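Structural overview
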Amino acid sequence: MNTATVPEPRTAAALAARRRKTEAALERVHQAIARLRREKAQISAAAVARRADVSRTFLYDNAEARAAVATAMAQAGERRSRALADQDDEREATWRERALNAEDALKAAHDEILAQRTRVSELLGQVSDLEAEWTQEAVQRITTENTTLKQRVRQLTTDNRTLDERLKAARSNLRFQDRRVADLEARLTGPGSAT
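Please read all numbers here as calculations on a predicted model, not as lab measurements.

Counting its regular elements, the chain contains 5 helices and 0 strands. Each helix and strand of the chain, ordered N terminal to C terminal, gives the series α-α-α-α-α. A compact globule built from 195 residues should have a C-alpha radius of gyration of about 16 Å, whereas the chain, at 59 Å, is more than 25% larger. Principal-axis analysis of the C-alpha atoms places the extent of the chain at approximately 200 × 60 × 20 Å. Buried residues in the chain amount to 13% of all 195 residues. For the chain, long-range pairs separated by at least 24 residues make up 51% of all intrachain contacts whose partners lie at least 6 apart in sequence. For the chain, the distance from the average site of its 35 positive side-chain charges to the average site of its 30 negative ones is 10 Å.

Our next topic: helix α2 (residues 45–52). Judged by how many residues are buried, α2 sits mostly within the fold: 6 of 8 residues are covered. With its phi angle positive at about 55 degrees, Asp53 sits one or two positions after the end of α2.

Now for the packing of aromatic side chains. Each pair of aromatic rings is reported with the distance of its centres and the angle of its planes. With the rule as written, the count across this model stands at 0 aromatic pairs. Note that Arg98 overlies the ring of Trp95, its terminal NZ or CZ placed 4.9 Å from the centroid.

A cluster of nonpolar side chains, contributed by Trp134, Val139 and Ile142, occupies part of the molecular surface with about 260 Å² of accessible area. For Trp134, the location among the structural elements is in the loop between α4 (63–133) and α5 (136–188). Take Trp134: its relative accessible area is 46%, and that puts it in the partly exposed class.

Right, let's get into the pattern of salt bridges. For the structure on display, the rule yields 5 salt bridges. One salt bridge connects Glu39 with Arg51, and the closest N-O pair in it is separated by 2.8 Å. Here the residue Glu39 occupies a position in the loop between α1 (9–38) and α2, and Arg51 occupies one in helix α2, the gap between them amounting to 12 residues. Its relative accessible area of 47% is what places Glu39 among the partly exposed residues.

A word on the nonpolar core. Core analysis: the biggest nonpolar cluster contains 20 residues, and Val29, Ile33, Val48, Val54, Phe58 and Leu59 have the highest contact counts within it. For this core, the elements supplying multiple residues, two or more each, are α1, α2, α3 (56–61) and α4. No other element matches the 6 residues that α1 contributes to this core. Sequence-distant contacts of Ile33, defined by excluding residues within four places in its chain, comprise Val48, Ala68, Val69 and Ala72.

For the rest of this paragraph, the subject is α1. Spanning 30 residues, α1 covers 43 Å between terminal C-alpha atoms, matching the ideal 44 Å at 1.5 Å per step. Within the span of α1, buried status applies to Ala16, Ala25, Leu26, Val29, Ala32, Ile33 and Leu36.

Attention now moves to the layout of surface pockets. Approximately 190 Å³ is the volume found for the largest pocket. Together, Leu36, Arg37, Lys40, Ala41, Gln42, Ile43, Ala76, Arg79 and Arg80 line the largest pocket. Elements that contribute at least two residues to the lining of the largest pocket include exactly α1 and α4. Looking at which element gives the most residues to the lining of the largest pocket, the answer is α4, with 3 residues. In terms of residue class, the lining of the largest pocket is built from 4 nonpolar, 1 polar and 4 charged. Looking at the second largest pocket, the residues that line it are Arg18, Lys21, Thr22, Ala25, Phe58 and Asn62. Ranked by residues supplied to the lining of the second largest pocket, first place goes to α1 with 4 residues. Of the residues belonging to the lining of the second largest pocket, the class tally is 2 nonpolar, 2 polar and 2 charged.

Turning to a positive patch on the surface, a few remarks are in order. A cluster of basic residues, Arg37, Lys40, Arg79, Arg80 and Arg82, forms a positive patch on the protein surface. At 3 residues, the largest contribution of residues to the positive patch is made by α4. One can find Arg80 in helix α4. The class for Arg80 is partly exposed, based on a relative accessible area of 39%.

Criteria and cut-off values
- Residues numbered from 1 in each chain as written.
- Predicted model: local features only at pLDDT ≥ 70, side-chain atom pairs only at ≥ 80, totals over all residues.
- Heavy atoms only, no water.
- Helix = DSSP H or I, 4+ residues; strand = E, 2+ residues; numbered from the N terminus.
- Rg over C-alpha atoms; globule rule 2.2 N^0.38 Å.
- Buried < 20%, exposed > 50% of the residue type's maximum accessible area, 1.4 Å probe, protein only.
- Contact = heavy atoms within 4.5 Å.
- Lys, Arg positive; Asp, Glu negative; His and termini not counted.
- Charge placed at Lys NZ, Arg CZ, Asp CG, Glu CD.
- Phe/Tyr/Trp six-rings, centres within 6.5 Å; stacked < 30°, edge-to-face > 60°.
- Lys NZ or Arg CZ within 6 Å of the ring centre and 35° of its normal.
- Patch = residues over 30% accessible without salt bridge, like charges linked within 9 Å, V, L, I, M, F, W, Y side chains within 5 Å.
- Areas by Shrake-Rupley, 256 points an atom, 1.4 Å probe, with all protein chains shown as cover.
- Salt bridge = Lys/Arg side-chain N within 4 Å of Asp/Glu carboxyl O.
- Core = buried A, V, L, I, M, F, W, Y, C linked by side-chain atoms within 4.5 Å.
- Expected span 1.5 Å × (residues − 1).
- 1 Å grid on protein atoms, 1.4 Å probe; cavity = no way out; pocket = protein on both sides within 12 Å on 5 of 7 lines; lining within 4 Å.
- Points joined across faces, edges and corners; volume = space filled by probe spheres on them.
- Nonpolar A, V, L, I, M, F, W, Y, C, P; charged D, E, K, R; others polar.

Remember, this is a structural readout, not a statement about activity or role.
Structure (structure tokens):
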């Protein structure tokens, strides 16, 4: 009796169940890859195995699963490369713009510094011109005259105060004399003066 050519019904049923299980696992692998693409998540064997609820060994042993994961990873790599290239181009454009702005700001700063230096030179020249008009002898002479004038002002202020005091005293004396004259006149013209 030859049992190798005709499989037993239990073996055929087990093979059919294993095939259905493998097909279901492959379907979950394809769905997991599609979900990862939609979510724009990183595609790797570990991520696909987790999402599809299969072992990594299944992904490596099954040719169709291995090919699907490899294809998905390659496509994701190309998309990532394109995205990185676009980001690099965008960054380079941003840096280029910043560099141009910095160059413009630097040029404006240099122009402003040059203008300020020119203005400072002009002002220093004016100060030198003013200092050149006054010699050391002239400055000393003016300082001496200023000191002399201050002393003269103090002297005149003192003299003015003295004269003011004398004027007040003279007015006081005049009032006293006026009263005395009035008193004498009253005596002269009074009732006893007729005799």
